[in-house]
Amino acid sequence: MDTFEIGDQDFLLNDRPFRILSGAIHYFRVHPDLWADRIHKARLMGLNTIETYVPWNEHSPVPGSFVADGGLDLGRFLDLVEAEGMKAIVRPGPYICAEWDNGGLPAWLFTDPTVGVRSSEPGYLAAVSAYMEAVLALVVPRQISNGGPVIMFQIENEYGAYGSDKAYLQHLVDLTKRLGVDVPLFTCDQPFGTMIEDGSLPELHKTGTFGSRADERLAFLRERQPTGPLMCAEFWNGWFDNWGTHHHTTDAAASAAELDALLTAGASVNIYMFHGGTNFGFSNGANDKGIYEPTITSYDYDAPLSEDGQPTAKYFAFRDVIAKHFPVPAEVPAARPSLTASVVSVSGSVPLLSVPPATQLVPGPVPPVEVTGRYRGFYLYEVLLQGGGVLSFSEVRDRAQFFLDGVPVGVLSREAGERTVVIPHGGRLQVLLEDQGRVNYGQRIGEAKGLIGPALLNGVEVVDWEIGAVDLKSLDAFRDASLPFPNGDPAHAGVAGPSLSFATFEANGPGDRFLRLDGWTKGNVFINGFNIGRYWSRGPQRTLYVPGPLIREGANELAILELHGSATREVRFVVGPDLGPDEK
């Protein structure tokens, strides 16, 4: 039986010193048919371990459920790590941050106002316990002591930046051990102030998260943990992007120098991210530190392995650094196969509001979207107004388009702090509400989405709203209602919004590509029914990654949900990404 332990100065694999050279790959951000490729390329860079978060909300979209197949097959992902001859680190949260919707916490958890977030509140602990039981049913049999790849297991995640509830942490430790985890348990926190002390327990191994000044950060960590191996559990070699900002990059040579400093100091490392992947669908998170900032679809992170799995200059710089300290394989990743760029024109469209969702009447004040039992995407509010005037809300979360008897009358954006819209006269008011991503860090985790009341028309409360969730999991109803465009030049004819437009395109078979949407405004794109994510003309992201396995030989379907309207009916498939201008 193999063993993995924490020694006085080193990690010990079968009683011999072992340096963890890990890279982060989030299986839930990568098409499952590409997992093996990404893992293999991590080993070729010189890594010996793969780390991943586990997103509770993705596995448990409704209470009492736990989905673990397809792109959420954590067991298969860990088996592929083992097949590559590598070790694994599992970080199940229950809070993961990760620029992921709600930091991985299920939105349904907070429909009960008594539930305490990331605390020892009994209702929260009961839900966490059920989640951990399901996760550990997959992880425990794959521990190194059982012949598998898992060598370490994290308790919570950067908890010291949020709270210091030791009873909560102790519950997680006791639960984890009771369910069979026998590999070392660890915590990670930023090496600042009292975060390391607040976010851990004496019995847990403490690690740091940082991206620069490695010697200083490691010294801080050593002061608070005199013995045991030093480890940077998140070596930030890049950063994430928000809509309306620059694409964040870090200099490859500078990042490599910091990695060299870590390895020279004898520390273990987990590169965050080795391969970032994509926020498919509506899975992106957001920050709100006074201004709401939703995260873009790409989670490229300026990582060594790009969003489409291509080695970058940073990949080879890191490989060279690792080779100074440890052997690396002679093999290097193959170059991207070339694909021909092509233009596709949508051939038909259907107004989104002409296929309205089923709604329910909610008596009383305007409700949050959670009353629908759906926790992501788009929602439709409806109410009959007897007259016009100024309509105001306490807050809009996150973006609302207003239509009076089918005519657009305004947009309210959370980012801009907008809360009032002028309604010209009475009539049927429809509000298309977009959840742009739940906050993943700080005290606003778990907050409700939607039109936040009271809703006041000229100071008088508007009550008895109808609300429904727009179903985009199946596009059948929209497809069936779509009507062909009249003949014309698609490059100079636009598409009205909000609408769903459809096109068919031919392909020789699977293959990665990027979709460029110049002339389109804002919305989501679907390839053969799969939601590849959000686009927005404000940038920085100009292309959407299309994983090769989504493409089939022969006819394929493209569907575009456009919220405002386009200046063209054309889109382009291109070979490479465009994530916008780098931050200088």
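Residues numbered from 1 in each chain as written. Predicted model: local features only at pLDDT ≥ 70, side-chain atom pairs only at ≥ 80, totals over all residues. Heavy atoms only, no water.

Peer 1: Explain the overall build of the chain to me, please; I cannot follow it from the model alone.
Peer 2: Helix and strand content of the chain: ten helices and 37 strands. Against the 2.2 N^0.38 benchmark of 25 Å for 584 residues, the chain shows a C-alpha radius of gyration of 25 Å, consistent with a compact globule. Projected onto the principal axes, the alpha-carbon positions of the chain cover approximately 75 × 55 × 40 Å. Scored against the burial criterion, the 584 residues of the chain give a buried share of 60%. (Helix = DSSP H or I, 4+ residues; strand = E, 2+ residues; numbered from the N terminus. Rg over C-alpha atoms; globule rule 2.2 N^0.38 Å. Buried < 20%, exposed > 50% of the residue type's maximum accessible area, 1.4 Å probe, protein only.)

Peer 1: How should I be thinking about the sheet that holds strand 2 (residues 11–13) in this particular structure?
Peer 2: The strands making up a sheet associate through hydrogen bonds between their backbones, and the pairing can be parallel or antiparallel. One open sheet accounts for three strands, arranged 1-2-3; its pairing is antiparallel. Both edges of this open sheet fall to strand 1 (4–6) and strand 3 (16–18), since each of them pairs with a single strand only. Averaged over neighbouring strand pairs, the angle between their axes works out to 40° when direction is ignored. (Pairing = 2+ DSSP bridges. Axes fitted to C-alpha atoms, helices over the stretch in contact; angles between N-to-C directions.)

Peer 1: Explanation requested: the pairing of strand 23 (residues 427–434) in the structure shown.
Peer 2: The side chains of a regular strand alternate, first on one face of the sheet and then on the other. Counted residue by residue, strand 23 has seven buried out of eight residues, so it is predominantly covered. In terms of strand pairing, strand 17 (residues 378–385) meets strand 23 through eight bridges, oriented antiparallel. By the bridge assignment for strand 23, Phe378 is matched with Glu434. Bridge count between strand 20 (residues 399–404) and strand 23: six bridges; the pairing is antiparallel. When the sheet's bridge partners are listed, Ala400 is paired in strand 23 with Leu433.

Peer 1: Looking at this model, I keep getting lost on the sheet that holds strand 32 (residues 522–527). Mind explaining?
Peer 2: Spatial strand order, 28-15-30-35-32-33: six strands in an open sheet with antiparallel pairing. Single-partner strands in this sheet number two, and they are strand 28 (483–484) and strand 33 (530–536). Relative to strand 30 (residues 499–507), strand 15 (residues 348–351) is paired through four bridges, and the arrangement is antiparallel. Bridge pairing in strand 30 places Val350 opposite Leu500.

Peer 1: Sorry, what's going on with the side chain of Thr176 here?
Peer 2: Mapped onto the elements, Thr176 comes out in helix 5 (residues 166–178). Within polar-contact distance, the side chain of Thr176 engages the backbone oxygen of Leu172 at 2.7 Å. Apart from the residues within four sequence positions on either side, Thr176 is in contact with Met132, Leu136, Phe153, Ile155, Val181 and Leu185. (Polar contact = N/O pair within 3.5 Å; in protein donor to acceptor, adjacent residues only side chain to side chain. Contact = heavy atoms within 4.5 Å.)

Peer 1: I'm lost on the pairing of strand 5 (residues 49–53) in this one. Help?
Peer 2: With five of five residues buried, strand 5 lies mostly within the body of the structure. By the bridge criterion, three bridges tie strand 4 (residues 21–25) to strand 5 in an arrangement that is parallel. What sits directly across from Gly23, in strand 5, is Ile50. Crossover strand 4 to strand 5 through helix 1 (residues 35–44) is right-handed. Relative to strand 6 (residues 87–91), strand 5 is paired through five bridges, and the arrangement is parallel. Bridge pairing in strand 6 links Glu51 to Ile89. (Right-handed = clockwise from strand over helix to strand, strands pointing away.)

Peer 1: Quick question: what am I supposed to make of the packing of helix 8 (residues 252–264) against helix 9 (residues 313–325) here?
Peer 2: Each pair of packed helices can be described by the angle between their axes along with the distance between the axes. The contact between helix 8 and helix 9 brings their axes to 9 Å, and the two run at 25°. When the axes of helix 8 and helix 9 are compared, the pair comes out roughly parallel. In the packing of helix 8 onto helix 9, the handedness of the crossing is right-handed. Listed contacts from helix 9 to Ala252, Ser255, Ala256, Leu259, Asp260, Leu263 and Thr264 of helix 8 are Ala313, Lys314, Ala317, Phe318, Val321, Ile322, Lys324 and His325. (Parallel < 35°, antiparallel > 145°, perpendicular 65-115°, else oblique. Left-handed = near helix turned anticlockwise from the far one by under 90°.)

Peer 1: Looking at this model, I keep getting lost on the packing of aromatic side chains. Mind explaining?
Peer 2: The geometry of an aromatic ring pair is captured by the separation of the ring centres together with the interplanar angle, meaning the angle of the planes. One pass over the full model with this rule turns up 29 aromatic pairs. Considering the side-chain rings of Phe4 and Phe11, the 5.6 Å spacing of their centres and the 20° angle between planes classify their relative orientation as stacked. Phe11 matches Phe4 in its accessibility class, with the two residues each being buried. Residues Trp35 and Phe77 carry aromatic rings whose centres are separated by 5.5 Å and whose planes lie at 85° to one another, so their mutual orientation is edge-to-face. Remark: Phe77 occurs in helix 3 (residues 74–83) and Trp35 occurs in helix 1; sequence separation between them is 42 residues. With respect to class, Trp35 is no different from Phe77; both count as buried. (Phe/Tyr/Trp six-rings, centres within 6.5 Å; stacked < 30°, edge-to-face > 60°.)

Peer 1: Whenever I open this one, the pattern of salt bridges confuses me. Can you help?
Peer 2: Oppositely charged side chains can pair when the atoms bearing their charge come close. One pass over the structure, following the stated rule, counts 38 salt bridges. Between Glu447 and Arg414 there is a salt bridge whose closest N-O contact spans 2.7 Å. Highlighted residues: Glu447 in the loop between strand 23 and strand 24 (450–452) and Arg414 in the loop between strand 21 (407–413) and strand 22 (420–423), separated in sequence by 33 residues. The same class applies to Glu447 as to Arg414, namely buried. Residues joined by salt bridges that share partners form a network here, namely Asp288, Glu395, Arg397, Asp398, Arg414, Asp435, Arg444, Glu447 and Lys449. (Salt bridge = Lys/Arg side-chain N within 4 Å of Asp/Glu carboxyl O.)

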